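The residues making up each chain are set out below.
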Amino acid sequence: MSGSLIVVERLVKRYGDHTILDDVNLDVKAGQVLVVIGPSGSGKSTLLRCLAALEPMQHGSIRIDGKLAAKGKEEADGEPDAASLRDLRQRIGMVFQQFNLFPHLTVLENITLAPRRVRGMTQAGADRLGIELLRKVGLEDKRDVYPERLSGGQQQRAAIARALAMQPKVMLFDEVTSALDPELVGEVLRTMRQLAEQGMTMLVVTHEMGFARDVADDVIFMDKGKIVERAAPEVIFEHPKEARTRAFLERLLDREGRRQ
Amino acid sequence: MNDFQFTRILVYLPDLLRGVGVTFQIGLVSASIGLVLGLVLALMKFSRHPLAYWPAYVYVEFFRTTPPLIQIVWLYYGLPLITGQDLGAFGAAAVALGLNVSAFYSEIYRAGLVGVHRTQWQASRVLGLSLSDTLRFVIVPQAVRNVLPPMGTTTIYLIKDTALASAIGTPELLRIGQLISVETFRPVETLTMVAILYFAVTYPVALFVDWLERRFKIART
Ligand SMILES: Nc1ncnc2c1ncn2[C@@H]1O[C@H](COP(=O)(O)OP(=O)(O)OP(=O)(O)O)[C@@H](O)[C@H]1O
Ligand SMILES: [Mg+2]
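Model, not experiment: these values are computed from the prediction.

**Q** Which parts of the structure should I look at to understand the overall build of chain B?
**A** When helices and strands are counted, chain B shows 9 helices and 0 strands. Listed by position from the N terminus, the elements making up chain B come as α-α-α-α-α-α-α-α-α. Overall size of chain B, expressed as C-alpha extent along the three principal axes, is 70 × 50 × 20 Å. Classification of the 221 residues of chain B by burial places 43% in the buried group. Counted over contacts in chain B with a minimum sequence separation of 6, partners at least 24 positions apart contribute 75%. Summing over all exposed atoms, chain B offers an accessible surface of approximately 11,800 Å²; the carbon and sulfur share of this is 69%. If you average the places of the 17 positive and of the 12 negative side-chain charges in chain B, the two averages end up 14 Å apart.

What follows is the structure, encoded as structure tokens:
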């Protein structure tokens, strides 16, 4: 059952002559939850954005379910065709730090737009799905409200529901609690935990070390565009192999210690 | 004050109202041309393809920077010489003003589209929405709100610019006013009357845009 869902091979991403992702290899099995940590500018967001096909890459390949989904544009046989890109986007859901809900649509309309337009669902079918997802994230009473009337935590849960409505195989989370007031972080993390328990494959960039410890199967430490170390959370947190990982975690825990 | 003789002008009111009709029609045709062509130009200027971008760029700069009066004259006198196509006084004025205002509308569309945060595009892309669905359901409904106030102002300018059609003899409001002035030797009264009638056309447009703005705001809360 545990075949690889995502295989990233030798991914190179550059902006100009600045290399952001430097020969990244990554293997994600179905149902795994991976937490990605690392200093600012290490390429965590860029990695997620490449997986979501929001960014072209120079070299390497991304396979999803064994199928080639994206390929470096400087590779001999060029870019993936539009159909496989569309395919890739349907399998991957992404949630952003800034929620990015559509402000002119109600919460339910935010969720049903893509299922209707992309998956070809009927209005009634999409509404049923949307309401079920809103119940799942605890927002069933907010279906007809516009996003600006929601708290940050509620907006983020609505954004998670919107991504889930496309029934992705993988969910990508890029610092989804970083823009929230501290008291609202918990409700979003709880939703993500639930999702993990239900077997969703997840790639999570976060500074929430508690979440990483409890939920992650593996923690990935990135630095300067490379994956420096990947191991189970207890290994990463208790005995990291790499000096850079240790230094980063010491700084992080030090900062958290001072905050409390 | 007693020298003003508005009553002498009133007998010409039916003529003036016919002029209002023509002014309104020129405005309507040119605004329609401008709204459609302006959107096409704006989208072309968003394109990174040089064959889309550069023609739109040259077009917009050309029509923005030359006087609309001369554009009308070109189309009325120049086009038949070059192509043998005679649009007539009404057609030449309406088309020339439409081409002119499309340059201004396109810049307004562009500003409106740019004003929608780029993260809205990203959110649409990760949901798998096509480009046309993204524009139709996500970007344009938000851009409309940014676009309405400058669209209203530009349209009011356009309606006043229809007066330029008088230069090629289109029987619109100002042209009729000029003829009446000559006949009655009462230019001040006549043109004041004409100004009031322009107001009667432009002010409802202003009110209509205000109403649209309110409608699109209410949809948010
Ligand atoms: N559009 C862009 N053009 C040029 N450089 C970029 C662009 N986007 C990101 N970068 C650069 O890529 C590097 C990695 O950025 P990225 O956002 O992936 O880092 P990150 O690990 O997510 O950092 P953070 O923790 O601050 O979010 C940074 O040096 C950044 O300046
Ligand atoms: Mg980031």
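Now that the structure has been shown, the text picks up again.
**Q** Can you walk me through the pattern of salt bridges in this structure?
**A** All names here are of chain A. Evaluation of the coordinates by the stated rule reveals 20 salt bridges over all chains. Of the charged contacts in the structure, one is a salt bridge between Asp 23 and Arg 10, with a shortest N-O distance of 3.1 Å. Of this pair, Asp 23 sits in strand E2 (residues 18-29) while Arg 10 sits in strand E1 (residues 4-15), and the two are 13 residues apart along the sequence. The partly exposed category is assigned to Asp 23, whose relative accessible area is 29%.

**Q** Would you mind showing me how to read the interface of chain B and chain A here?
**A** For an interface, size is often stated in terms of accessible area lost upon the parts coming together. Each partner contributes to the interface: chain B provides 20 residues, whereas chain A provides 23 residues. When chain B packs against chain A, the two sides together hide about 2,100 Å² of surface, and 57% of this comes from carbon and sulfur. Viewed at the interface, chain A and chain B are joined by 1 salt bridge. Across the pair A:Arg117 and B:Asp133 runs a salt bridge, and its minimum N-O distance is 3.0 Å. If you look at where chain B meets chain A, you find 5 residue pairs in polar contact (both at pLDDT 80 or more). Of all the secondary structure elements, the ones that give two or more residues to the side of chain B that touches chain A are helix H6 (118-126) and helix H7 (131-161) of chain B.

**Q** Just checking my understanding: could you explain the packing of helix H2 (residues 13-46) of chain B against helix H8 (residues 173-184) of chain B for this structure?
**A** In a pair of packed helices, the angle between the axes and the distance between the axes together describe the arrangement. Residues and elements named next belong to chain B. With their axes 7 Å apart at the nearest point, H2 and H8 run at an angle of 155° to one another. With respect to H8, the axis of H2 lies roughly antiparallel. Here H2 contributes Asp 15, Leu 16, Gly 19, Val 20 and Thr 23 to the contact with H8, which in turn contributes Leu 173, Ile 176, Gly 177 and Ile 180. Per-class residue counts for the contact of H2 with H8 are 5 nonpolar, 3 polar and 1 charged.

About the criteria used
- Note that residues are indexed from 1 along each chain, following the sequence as it is written.
- In the order they appear in the text, chains get letters beginning with A and ligands get numbers beginning with 1.
- Only residues with pLDDT of 70 or above have their local features reported here, since the model is predicted, and side-chain atom pairs are shown and tallied only from 80 upward, although totals for entire chains, interfaces and linings are computed over all residues.
- Only heavy atoms go into the side-chain values, all of them from the structure, while hydrogens and water stay out.
- Each helix is a run of H or I in the DSSP string that is no shorter than four residues. Each strand is a run of E no shorter than two, and both are numbered from the N terminus.
- Burial status follows relative accessibility: with a 1.4 Å probe on protein chains alone, a residue under 20% of its type maximum counts as buried, one over 50% as exposed, and anything between as partly exposed.
- Contacts between residues were defined by any pair of non-hydrogen atoms, one from each residue, lying within 4.5 Å.
- Using a 1.4 Å probe, accessible areas were evaluated by the Shrake-Rupley method; residue-level cover was limited to the displayed protein chains.
- For the purpose of counting charges, residues Lys and Arg are taken to be positive, whereas Asp and Glu are taken to be negative. His and the chain ends are not included.
- By convention, charge coordinates are those of NZ in Lys, CZ in Arg, CG in Asp, or CD in Glu.
- Each reported salt bridge corresponds to a side-chain nitrogen of Lys or Arg within 4 Å of a carboxyl oxygen of Asp or Glu.
- Put simply, buried area is the surface a 1.4 Å probe can reach on two separate parts but cannot reach once they are joined, added for both.
- Side-chain atoms alone can form a polar contact between residues adjacent in sequence; in general such a contact is a pair of N or O atoms within 3.5 Å, and within protein one must be able to donate a hydrogen while the other accepts it.
- Every angle, taken between N-to-C directions, lies between 0 and 180 degrees, and every axis is a line fitted to C-alpha atoms, over only the stretch in contact when it is a helix.
- Roughly parallel means an angle under 35 degrees; roughly antiparallel, over 145; roughly perpendicular, 65 to 115; everything else is oblique.
- Polarity classes work like this: nonpolar for Ala, Val, Leu, Ile, Met, Phe, Trp, Tyr, Cys and Pro, charged for Asp, Glu, Lys and Arg, and polar for all others, with Gly in that last group.

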